[in-house]
Amino acid sequence: ALATGALGEATYYAERAMLVNPRSTDVLAFLTGCWVKRGDQARALDYARQATELEPANPVWWGNLGSAHLQLRQFPEAKTAYLRAISSNPDFAEAYYSLAKADLCLGDNQAAAGHLAQALSLKKDLEGTARREFSSLAGNPSLAEWLASPSEDGTGKPGKRTKAKAKPAKRK
């Protein structure tokens, strides 16, 4: 049902599945996603929190919790959840990437730059998305050169980047 866009139906059946097995973290994660897509971040947060309580060592559940906090603009809580995800799996590129978003929202551009660099070192295919989402960091010396440099094919997709001089950030 979710694949066809029938969020209401997908949510209904997933919540019924929870009645059969209330400790199913897979269903909790699915419900988290359903409620995020339906725009009810508070409900998504509740399901994500339940999954972390049932399987506290699972980094994906902590990442889901961080994402729910991030969408609710609860940036310190999002950062805490992403750090917990990373402590469970130091190679979790998506958690570093999302942690960089939380850092940026908290005004810590230096930490955002470091976490983004870590995410990109672990998963090169995040580069194109990072160029779009983190363009506001262009004035940060840690990322300015990277953001200003085109990828090999000029698309912003992963590849060998050419050396380019950083452009100064525009001032308003």
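The rules behind each value
- Each chain has its residues counted from 1, running along the sequence as written.
- With the structure being a predicted model, the display of local features is reserved for residues of pLDDT at least 70 and the display and counting of side-chain atom pairs for 80 or more, all residues being used for whole-chain, interface and lining totals.
- No hydrogens and no water enter the side-chain calculation; it runs on all heavy atoms of the structure.
- The helix and strand labels rest on DSSP assignments: H or I over at least four residues marks a helix, E over at least two residues marks a strand, and numbering proceeds from the N terminus.
- Think of it in three bands: with a 1.4 Å probe and only protein chains considered, a residue is buried below 20% of the maximum accessible area for its type, exposed above 50%, and partly exposed in between.
- By definition, residues are in contact when any of their heavy atoms lie within 4.5 Å.
- For the accessible areas, the method is Shrake-Rupley and the probe is 1.4 Å, while residue cover comes only from the protein chains on display.
- For a helix, the expected span equals 1.5 Å multiplied by the number of residues minus one.
- The arc in question is the one spanned by the directions pointing from the helix axis to the C-beta atoms.
- Buried Ala, Val, Leu, Ile, Met, Phe, Trp, Tyr and Cys residues that are joined via side-chain atoms within 4.5 Å together make up what is termed a nonpolar core.
- The rule is short: rings of Phe, Tyr and Trp, with Trp giving its six-membered ring, pair when the centres are within 6.5 Å, and they are stacked under 30 degrees, edge-to-face over 60, tilted in between.
- Distance and angle both matter: a charge sits over a ring if NZ of Lys or CZ of Arg is within 6 Å of the ring centre and within 35 degrees of the ring normal.
- Residue-level confidence of the predictor, termed pLDDT, takes values from 0 up to 100.
- By salt bridge we mean one thing: a side-chain nitrogen of Lys or Arg within 4 Å of a carboxyl oxygen of Asp or Glu.
- A fitted line through C-alpha atoms serves as each axis, taken over the contacting stretch for helices, and the angle formed by two N-to-C directions is quoted from 0 to 180°.
- Roughly parallel here means an angle under 35 degrees, roughly antiparallel means over 145, roughly perpendicular means 65 to 115, and every remaining angle is called oblique.
- Each crossing is labelled by how the near helix is turned from the far one, with a counterclockwise turn of less than a right angle marking it left-handed and a clockwise turn marking it right-handed.
- Residue classes follow a fixed rule: Ala, Val, Leu, Ile, Met, Phe, Trp, Tyr, Cys and Pro count as nonpolar, while Asp, Glu, Lys and Arg count as charged, and any other residue, Gly among them, counts as polar.

1. Section: the overall build of the protein chain
Helix and strand counts for the protein chain come out as nine helices and zero strands. Starting at the N terminus and ending at the C terminus, the protein chain contains elements arranged as α-α-α-α-α-α-α-α-α. When the 172 residues of the protein chain are sorted by exposure, 40% land in the buried category. Put simply, of all contacts in the protein chain between residues at least 6 apart along the chain, 43% involve residues at least 24 apart. Accessible area of the protein chain: about 9,800 Å², with a carbon and sulfur share of 51%.

2. Thoughts on helix 1 (residues 7-20)
An ideal rise of 1.5 Å per residue puts 20 Å on 14 residues; helix 1 measures up with 20 Å between its terminal C-alpha atoms. When helix 1 is considered as a whole, its buried residues turn out to be Leu-7, Ala-10, Thr-11, Ala-14 and Met-18. The buried residues of helix 1 occupy an angular sector of 95 degrees when projected down its axis, which confines them to one face. Relative to its buried face, helix 1 has exposed residues pointing more than 90 degrees away, namely Tyr-13, Leu-19 and Val-20. Tucked into the core, helix 1 has its buried residues touching helix 2 (25-38).

3. As for the nonpolar core
Counting 27 residues, the largest nonpolar core has Tyr-97 and Leu-116 as its most contacted members. Among the elements of the structure, helix 3 (41-54), helix 4 (59-71), helix 5 (75-88), helix 6 (93-105) and helix 7 (109-122) are those that each provide at least two residues to this core. Element by element, the count of residues in this core is highest for helix 6, at seven residues. In terms of nonpolar packing, the next biggest core, distinct from the first, is built from 11 residues, Leu-28, Ala-29, Ala-44 and Tyr-47 among them.

4. Regarding the packing of aromatic side chains
If you walk through the whole model with that rule in mind, you get one aromatic pair. Centroid distance Tyr-12 to Tyr-13: 5.1 Å. Interplanar angle 75 degrees. Geometry classified as edge-to-face. A cation sits over an aromatic face here: Arg-43 above Trp-35, 4.3 Å from the ring centre.

5. Details of the confidence of the model for the protein chain
This prediction gives the protein chain a mean pLDDT of 81; 76% of its residues lie at or above 70. Within the protein chain, helix 9 (residues 141-148) has the poorest average pLDDT of any element, 53, and helix 5 the best, 97. Throughout residues 150-172 the model reports pLDDT below 50, and contacts reaching past four residues in sequence, or to other chains, amount to 36 contacts.

6. Examining the pattern of salt bridges
Taken as a whole, this structure holds four salt bridges when the rule is applied. With a closest N to O distance of 4.0 Å, Asp-40 and Arg-43 form a salt bridge. Taking relative accessible area as the criterion, Asp-40 reaches 27% and is therefore assigned partly exposed.

7. A closer look at helix 3
The periodicity of an α-helix, 3.6 residues per turn, causes residues three or four positions apart to be oriented the same way. Taking 1.5 Å per residue, 14 residues should reach 20 Å; helix 3 reaches 20 Å between its end C-alpha atoms and fits that length. Regarding helix 3, the residues found buried are Gln-41, Ala-44, Leu-45, Tyr-47, Ala-48, Ala-51 and Thr-52. For helix 3, the angular spread of buried residues about the axis comes to 170 degrees, placing them on one side. Among the exposed residues of helix 3, those pointing more than 90 degrees away from its buried face are Ala-42 and Glu-53. Of the surrounding elements, those touching the buried residues of helix 3 are helix 1, helix 2 and helix 4.

8. Focus: the packing of helix 1 against helix 2
Two numbers describe how helix 1 lies on helix 2: the axes approach to 10 Å, and their chain directions differ by 150 degrees. Here helix 1 lies roughly antiparallel to helix 2, going by the angle between them. At the point where helix 1 passes helix 2, the crossing takes the left-handed sense. Residues Leu-7, Gly-8, Ala-10, Thr-11, Ala-14, Glu-15, Ala-17 and Met-18 of helix 1 lie in contact with helix 2, whose contacting residues are Val-27, Leu-28, Phe-30, Leu-31, Cys-34, Trp-35, Lys-37 and Arg-38. The residue inventory of the contact of helix 1 with helix 2, partitioned by class, reads 11 nonpolar, two polar and three charged.

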